[in-house]
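The chain contents come next:
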Amino acid sequence: WKKFKRIYEEGETPVYNNYDTFSAKTAEDVKITFTVTNSKDKECVVGAYYSEWNNPWFPAIDHETQGVITIPEKVNGFSVVGIAKDAFYDCQNICVVKIPNTVKSISEAAFQNCIKLYSVNIPNGVVTIAKNAFGYCKQLSSISIPNSVNSIGNRAFFNSGLNSLYISIAVR
């Protein structure tokens, strides 16, 4: 992925291009970072893409954020279609994540090491759950995989607290 072009502050009226990053607040008043992935079709993902040095600039939320995170379906006129790599990595105090139906992919290590995460909905519409997406989510004891998912990456739930997994036969 490319290096950021520009970070827009809340309240600005920018013209977004691919890989531009902006932030917005959730229903719980949590500031989340989004990255434009398709400016023509007005699509974005939760989280910041990597720089040319392959290091994250910053996570989607402050690591100290606690409680419930509701990811919006639309933000600044863009549909939220994915959760970027490492978007919530090591955000150890989030407990519940509500993902909208517009999300199609949950990228690598998106929620890895969210040790207090005990509830996450994977909505119908998600097609891909990448490797390590929920690795080390120790409190996550049950999850349902909808019919829309056709790919689950290696170790997607590695070392999590899962004791029940409901999965469609359509998943490969």
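Here we summarise the structure given alongside this text. (Residues numbered from 1 in each chain as written. Predicted model: local features only at pLDDT ≥ 70, side-chain atom pairs only at ≥ 80, totals over all residues. Heavy atoms only, no water.)

## Structural notes on unusual backbone geometry
Inference 1: Of note, the phi angle at Ala109 is positive, near 55°, even though the residue is not glycine.
Inference 2: Looking at the element boundaries, Ala109 is found in the loop between strand S9 (105–106) and strand S10 (119–120).
Inference 3: Judged by relative accessible area, Ala109 falls into the buried class, the value being 5%.
Inference 4: In the Ramachandran plot, Asn159 falls in the positive-phi region, its phi being about 55° despite a non-glycine side chain. (Helix = DSSP H or I, 4+ residues; strand = E, 2+ residues; numbered from the N terminus. Buried < 20%, exposed > 50% of the residue type's maximum accessible area, 1.4 Å probe, protein only.)

## Brief notes about the pattern of salt bridges
Inference 1: Summed over all chains, the structure comprises two salt bridges.
Inference 2: Salt-bridge contacts for Lys25 lead to Asp29; the nearest nitrogen and oxygen are separated by 3.6 Å.
Inference 3: Here Lys25 falls in the partly exposed class, since its relative accessible area comes to 45%.
Inference 4: With a shortest N-O distance of 3.8 Å, Lys104 and Glu43 are connected by a salt bridge. A residue pair is termed long-range when its members are at least 10 positions apart, and Lys104 in the loop between strand S8 (94–98) and S9 and Glu43 in strand S4 (residues 43–46) qualify at 61 residues. (Salt bridge = Lys/Arg side-chain N within 4 Å of Asp/Glu carboxyl O.)

## Digging into the state of the cysteines
Inference 1: Evaluated as defined, the whole model comprises zero disulfides.
Inference 2: Not part of a disulfide, Cys114 finds its nearest cysteine sulfur in Cys137, a span of 5.1 Å.
Inference 3: When its relative accessible area of 0% is taken as the criterion, Cys137 is described as buried. (Disulfide = S-S within 2.5 Å.)

## Regarding the sheet that holds S8
Inference 1: The sheet built from three strands is open, its strands ordered S5-S8-S10 with parallel pairing. Across the chains shown, the open sheet's two edge strands, defined by having one partner strand only, are strand S5 (67–70) and S10.
Inference 2: In this structure, S5 lies alongside S8, joined through four bridges in parallel fashion. Looking at the pairing, Thr70 lines up with Lys98 of S8. (Pairing = 2+ DSSP bridges.)

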